[in-house]
Amino acid sequence: MKEKQLRVRQICLFFLAFTCTNKLFTLPSTIASVSFNDLWLSTLLNVLLDGTSIFLMLILSKNTDKNIYEILEDLMGKIGAKIVCALYLICFFIKSLIPIIEQKEYIDLTLYISSPSIIYFLPFFIVCFYLCTKKLRVLGRLSDVLFISTITGFIVLMALSIPHADFSNVLPVGVNGIKKILSGSFLSLTWFGDAVYFLFFIGNYNRTKKDGKKILLSYFISALSIVLFMIVFYGIFSSISYRQKFSLTEISKYTTIINSTGRFDYFAILLLLVSNLISISLPLFFCSKLLNYIFSIKNRYVSPLIVTFLAFFTIVILTQHVFSTQKIIISVIGLIFLIFFNVLPLIFLLVFKRRNNENS
Amino acid sequence: MKTLKTKILIVLIFAVFIFFFSNDFGLVDIDKTAIIVALAVDKGEEYPFEVTAEIAVPEATDQNSETKNAQVTGKGNTIGEAIKEVSDLTGWFPQLNFCNLIMISDELASDNVIKILNYFAVTFRVQDSCLIAMSEGSAKKVLEDSSPLDDIASFAIQKILLKQPGFDKNVLDNNVKDFCVSYYNPASSSYMPIITRNTVEESSSRATNSSSESGQGDSSTNKSGNSGDKKIVFSARKTALFKNGIKTGELSEEQTLAYKILNYNVKSTVYPVKKENVLVSENQNFLITILKNSAKISVKPYQNQLNLDINVKIFCKLSDSSSNRIDSSVSKNTPLPQEVKEAFRKKLTDEIYSLIDTSVNSNCDIFNIERRLYKFHHKDYLRFKDNYLSAVVPNVTVNISGQK
């Protein structure tokens with residue numbers, strides 16, 4: 001049996017370290033602008049959607065040792081597989097834009113007094129390029145290290161915020177109606193769709209006993225922490241939640257100790273930012289892997305270079321059109337994300353499993 | 001090894017390239033930065049807003065280690081424009097991250113103050129945890145006062161607004177965020193403390209601290225200009241009530257304290273029980289220290305009325321009394337005399353009822369009745385949402401206990 005690139009432990013830690021951080025920036029205020037006090041229900045819907053997708057993927061991929069490229073080739077041949085991968089590449093590229101733009105805006109608005117030049121954000125693309133040159137194994141290693149950073153940052157942030165949250169602000173539950181809850185859920189699809197990452201882990205990790213339960217549990221721990229964050233966020237800001245753009249910086253500053261000691265909560269925020277650096281690079285990482293597969297590129301620097309440069313120039317161009325870009329992506333392309341990240345992977349695996357069963 | 005060296009060299013060249021062309025990552029030179037510690041907003045004559053920035057000028061020399069301050073006033077049609085003028089006049093970049101106090105003149109409270117506060121709530125340049133207060137008279141004048149203890153008036157005011165554990169919690173402080181949260185709720189009711197300047201005559205040339213009339217230590221003494229004997233005493237025990245951002249009423253010092261008891265932990269706060277409330281013959285005035293307080297406020301909708309049930313429990317001890325003889329109960333924390341308990345209960349109950357009256361009369365929902373109805377009795381919310389304050393029937397129960 002050949003040695004796999006990932007271990008189950010690393011997949012568990014991957015979900016703990018990287019799935020929640022990118023949802024702590026503009027997502028809470030975006031959902032709150034539509035679902036108001038039911039923002040946590042909208043989040044819960046997306047969390048359940050991703051959790052169910054991972055659960056079904058775990059069941060459907062139980063008896064296979066093939067990775068996603070081999071599965072697609074079995075289903076639709078090499079050309080068909082490459083076309084599907086090209087579509088995924090486009091989806092991942094679009095998915096990467098909003099988190100990178102919001103990260104750039106966050107640094108621009110909260111960490112700098114004046115508006116610095118675009119070059120200050122270049123280090124992100126350098127790190128991203130370096131990450132893209134690595135194999136899938138790098139995600140496992142990063143998860144092993146950075147889950148501590150995510151968990152520590154999150155716990156400190158919550159410890160500072162929870163005492164100032166009025167949890168009754170989320171009452172009455174469901175008062176805004178199912179339409180608004182679903183709208184909030186739909187608008188936030190861009191930030192979710194984490195289940196798709198598991199598609200790329202299939203066939204790349206050593207199976208162990210009860211691995212499915214462990215993976216699912218770690219996903220839900222991370223996912224429920226996002227729901228908790230939403231509740232605390234609305235508990236603190238209630239009627240002005242929709243305009244608190246960067247909840248990560250806003251949520252913890254009302255502690256009395258901060259008045260005398262200064263913003264020491266930035267230690268926790270910076271820990272989360274470190275994890276988020278990898279989290280927002282993930283779509284581009286998978287873009288470069290897909291590009292390698294589509295064009296059978298062997299040189300490990302070519303795809304990362306293309307992907308990173310494309311991302312950099314797109315971000316530079318979109319700097320003047322942030323609002324309209326966000327509007328288009330969250331209101332129109334959300335449905336495409338739902339199909340590609342939650343529905344299609346299940347269809348591929350279901351058909352593959354049936355075909356395998358028929359053959360055997 | 002050779003490849004590793006080349007890699008390191010490339011990374012270093014790249015790093016130097018970034019540092020060289022990044023313009024110090026957009027950081028502003030500290031010499032060109034004005035650290036604004038407080039802002040005073042007044043009504044202007046030419047323009048709607050006059051913003052006075054209190055700027056801290058750090059001086060680290062062997063001779064003088066005190067922090068000096070300067071006030072610069074900018075005018076504008078918006079708050080942002082007025083702050084920009086401060087920058088234009090001084091040539092300094094206004095650094096607002098350390099601004100911990102925004103003072104609004106009472107002249108501006110006749111119009112919607114959210115026009116002022118919205119700028120601070122939305123911009124990332126000011127922390128929205130910044131304290132807000134309303135000044136009696138010119139806000140600029142308040143910032144111009146300098147204290148013998150601290151040259152910066154805003155620091156003296158912050159001391160009376162933000163009470164550390166152990167201090168009396170008799171000031172109803174508020175910040176930009178909380179004011180905006182209340183404003184943007186359907187009830188649109190909020191409050192902020194009123195800063196009053198009282199001139200007191202003193203014979204000594206340099207006083208450290210002086211207390212206001214009741215002597216409860218919640219005021220700060222300041223020197224007014226260069227007149228050696230005239231001192232300015234700041235007080236913040238009164239509270240202004242706002243409906244739709246416009247000032248509609250005021251809470252007295254006693255009502256403010258009663259509101260604090262209902263909504264916050266006021267451990268160590270003292271409560272005076274005066275002569276007329278006490279039934280005992282000898283001891284006339286008492287000072288009670290609250291050791292523990294809890295209050296349950298609930299709204300119950302009925303056919304045509306809203307019952308506002310307030311249940312307060314206080315555990316306290318006697319701290320002082322104007323007695324002809326030394327009373328051992330003060331030092332030994334012995335049980336509270338029944339008459340004192342009764343006097344305290346009656347006084348606090350009356351204050352709470354008057355607090356509710358003020359809230360109804362000023363149309364300011366400081367008890368969050370609208371929100372309580374919305375959250376916990378949503379079915380009845382639509383029935384009462386337009387006239388909930390007039391439908392309120394209060395029922396106050398106060399339980400006083402002490403050492404048993």
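The structure under discussion appears in the preceding block.
Here is a short report on the structure shown in this document. These figures come from a predicted structure and were not determined experimentally.

Some thoughts on the overall build of chain A
Here's step 1: Secondary structure assignment for chain A yields 14 helices and 0 strands.
Here's step 2: On C-alpha atoms alone, chain A measures out to a radius of gyration of 20 Å, which is about the 21 Å that the 2.2 N^0.38 rule sets for 360 residues.
Here's step 3: With respect to the principal axes defined by its C-alpha atoms, chain A has extents near 65 × 45 × 35 Å.
Here's step 4: Excluding contacts between residues fewer than 6 apart, the proportion of contacts in chain A whose partners are at least 24 apart in sequence is 86%.
Here's step 5: Surface accessibility of chain A: about 14600 Å² in total, with carbon and sulfur atoms responsible for 69%.
Here's step 6: With 33 positive and 17 negative side-chain charges, chain A shows a separation of 5 Å between the mean positions of the two kinds.

Let's talk about the overall build of chain B
Here's step 1: Scanning chain B from terminus to terminus reveals 11 helices and 15 strands.
Here's step 2: Here chain B, with 404 residues, has 49% of them falling under the buried criterion.
Here's step 3: Of the contacts formed within chain B by residues at least 6 apart in sequence, a portion of 68% connects residues at least 24 apart.
Here's step 4: Per element, the accessible surface of chain B, about 19800 Å² overall, is 50% carbon and sulfur.

What about the sheet that holds strand E14 (residues 306-321) of chain B?
Residues and elements named next belong to chain B.
Here's step 1: Here 4 strands make up an open sheet; going across it, the order is E12-E13-E14-E15 and the pairing mixed. Each having just a single partner strand, strand E12 (270-273) and strand E15 (392-401) make up the two edges of the open sheet. When the angles between neighbouring strand axes are averaged without regard to direction, this sheet yields 40°.
Here's step 2: Where strand E13 (residues 286-301) lies against E14, 15 bridges are found, and the strand directions are antiparallel. Its bridge partner lying in E14, serine 298 is registered against aspartate 309.
Here's step 3: Packing of helix H9 (residues 338-361) onto the sheet brings it into contact with E12, E13, E14 and E15, and relative to E15 it is tilted by some 155°.
Here's step 4: Helix H10 (residues 369-376) contacts E13, E14 and E15 of the sheet and is inclined by roughly 50° relative to E13.

Topic: the side chain of serine 105 of chain B
Residues and elements named next belong to chain B.
Here's step 1: With respect to the helices and strands, the residue serine 105 is situated in strand E5 (residues 101-105).
Here's step 2: Serine 105 gets classed as buried once you look at its relative accessible area, which sits at 1%.
Here's step 3: Apart from residues no more than four positions distant in its own chain, serine 105 is found in contact with Val41, Asp42, Met134, Ser135, Gly137 and Ala139.

Overview of a positive patch on the surface
Here's step 1: Among the surface-exposed residues, Lys135, Arg137, Arg141 and Arg300 of chain A together with Lys7 of chain B lie close enough to one another that they form a single positively charged patch.
Here's step 2: Note that arginine 137 of chain A resides in helix H6 (residues 137-161).
Here's step 3: Judged by relative accessible area, which is 34%, arginine 137 of chain A ranks as partly exposed.

Some points on helix H9 (residues 211-237) of chain A
Residues and elements named next belong to chain A.
Here's step 1: Between its terminal C-alpha atoms H9 stretches 39 Å, which fits the 39 Å expected from 27 residues at 1.5 Å a residue.
Here's step 2: Burial runs high along H9: 20 of the 27 residues are buried.
Here's step 3: Downstream of H9 by a residue or two, serine 238 has a phi angle that is positive, lying close to 30°.

Focus on the packing of aromatic side chains
For any pair of aromatic rings, geometry is given as the distance between the ring centres together with the angle between the planes.
Here's step 1: This model, assessed by the stated rule, comprises 37 aromatic pairs over all chains.
Here's step 2: When the centroid spacing of 5.4 Å and the interplanar angle of 35° are considered together, the rings of phenylalanine 92 of chain A and phenylalanine 341 of chain A count as tilted. Of the two residues, phenylalanine 92 of chain A sits in helix H4 (residues 68-111) while phenylalanine 341 of chain A sits in helix H14 (residues 322-359), which places them 249 residues apart along the sequence.
Here's step 3: Assessed through its relative accessible area of 1%, phenylalanine 341 of chain A is described here as buried.
Here's step 4: Note that arginine 371 of chain B overlies the ring of tyrosine 374 of chain B, its terminal NZ or CZ placed 4.4 Å from the centroid.

Details of the interface of chain A and chain B
Here's step 1: Each partner contributes residues to the interface: chain A has 33 residues there, and chain B has 29 residues.
Here's step 2: Buried surface at the junction of chain A and chain B, summed over both partners, amounts to about 2700 Å²; 62% is from carbon and sulfur atoms.
Here's step 3: Between the two partners, chain A and chain B, sit 1 salt bridge.
Here's step 4: Residue lysine 375 of chain B is joined to aspartate 166 of chain A by a salt bridge in which the shortest nitrogen-to-oxygen separation is 3.5 Å.
Here's step 5: Elements represented by at least two residues in the side of chain A that touches chain B include exactly H4, helix H5 (122-133) and H9 of chain A.
Here's step 6: Tallying contributions element by element places H5 of chain A first for the side of chain A that touches chain B, with 3 residues.

Concerning the state of the cysteines
Here's step 1: Evaluation of the coordinates by the stated rule reveals 0 disulfides over all chains.
Here's step 2: We note that cysteine 287 of chain A lacks a disulfide partner, and the nearest cysteine sulfur, in cysteine 132 of chain A, lies 8.1 Å from it.
Here's step 3: Unpaired in this structure, cysteine 180 of chain B has its nearest cysteine sulfur neighbour in cysteine 130 of chain B, at a distance of 11 Å.
Here's step 4: The exposure class of cysteine 180 of chain B is buried, given its relative accessible area of 0%.

So, the nonpolar core
Here's step 1: Ranked by internal contacts, the top residues of the largest apolar core, which has 165 residues, are Tyr88, Phe92, Phe198, Phe201, Ile215 and Phe286 of chain A together with Phe120 of chain B.
Here's step 2: Top contributing element to this core by residue count: H4 of chain A, with 19 residues.
Here's step 3: Contacts of phenylalanine 286 of chain A, omitting those with residues within four sequence positions, involve Phe92, Leu136, Leu139, Tyr197, Phe200 and Phe201 of chain A.
Here's step 4: Ranked by size, the runner-up nonpolar core spans 48 residues in total, among them Ala187, Tyr271, Tyr381 and Ala391 of chain B.

A word on the packing of helix H3 (residues 114-122) of chain B against helix H6 (residues 176-183) of chain B
A pair of packed helices is captured by two measures, namely the crossing angle of their axes and the spacing between those axes.
Residue and element names in this part refer to chain B.
Here's step 1: The contact between H3 and H6 brings their axes to 10 Å, and the two run at 120°. On the basis of the axis angle, H3 is oblique to H6. Pair H3 / H6 crosses with left-handed handedness. The segment H3 lies against H6, with Ile114, Leu117, Phe120 and Ala121 engaging Val176, Phe179, Cys180 and Tyr183.
Here's step 2: Class assignment for the residues of the contact of H3 with H6 results in 8 nonpolar, no polar and no charged.

With respect to the pattern of salt bridges
Here's step 1: Scanning the model with the defined rule gives 18 salt bridges over all chains in all.
Here's step 2: Ionic pairing is found between lysine 66 of chain A and aspartate 74 of chain A, a salt bridge with its closest N-O pair at 2.4 Å.
Here's step 3: Classification of aspartate 74 of chain A by relative accessible area gives partly exposed; the value is 36%.
Here's step 4: The residue glutamate 370 of chain B makes a salt bridge to arginine 371 of chain B at a minimum N-O spacing of 2.9 Å.

Regarding a nonpolar patch on the surface
Here's step 1: A grouping of Leu335, Ile339, Val343, Ile347, Leu350 and Val351 of chain A is seen on the molecular surface, where their side chains present a nonpolar patch of about 450 Å² in accessible area.
Here's step 2: Take valine 351 of chain A: it is sitting in helix H14.

Structural notes on the environment of tyrosine 119 of chain B
Residue and element names in this part refer to chain B.
Here's step 1: Within the element layout of this structure, tyrosine 119 appears in helix H3.
Here's step 2: As a C-alpha pair, tyrosine 119 and threonine 78 span 41 residues in sequence and 8.7 Å in three-dimensional space.
Here's step 3: Setting aside chain neighbours within four positions, we find tyrosine 119 in contact with Ile79, Gly80, Ile83 and Arg125.

Basis of the calculations
Residues numbered from 1 in each chain as written. Chains lettered and ligands numbered in written order. Predicted model: local features only at pLDDT ≥ 70, side-chain atom pairs only at ≥ 80, totals over all residues. Heavy atoms only, no water. Helix = DSSP H or I, 4+ residues; strand = E, 2+ residues; numbered from the N terminus. Rg over C-alpha atoms; globule rule 2.2 N^0.38 Å. Contact = heavy atoms within 4.5 Å. Areas by Shrake-Rupley, 256 points an atom, 1.4 Å probe, with all protein chains shown as cover. Lys, Arg positive; Asp, Glu negative; His and termini not counted. Charge placed at Lys NZ, Arg CZ, Asp CG, Glu CD. Buried < 20%, exposed > 50% of the residue type's maximum accessible area, 1.4 Å probe, protein only. Pairing = 2+ DSSP bridges. Axes fitted to C-alpha atoms, helices over the stretch in contact; angles between N-to-C directions. Patch = residues over 30% accessible without salt bridge, like charges linked within 9 Å, V, L, I, M, F, W, Y side chains within 5 Å. Salt bridge = Lys/Arg side-chain N within 4 Å of Asp/Glu carboxyl O. Expected span 1.5 Å × (residues − 1). Phe/Tyr/Trp six-rings, centres within 6.5 Å; stacked < 30°, edge-to-face > 60°. Lys NZ or Arg CZ within 6 Å of the ring centre and 35° of its normal. Buried area = accessible area lost by both parts, 1.4 Å probe. Disulfide = S-S within 2.5 Å. Core = buried A, V, L, I, M, F, W, Y, C linked by side-chain atoms within 4.5 Å. Parallel < 35°, antiparallel > 145°, perpendicular 65-115°, else oblique. Left-handed = near helix turned anticlockwise from the far one by under 90°. Nonpolar A, V, L, I, M, F, W, Y, C, P; charged D, E, K, R; others polar.

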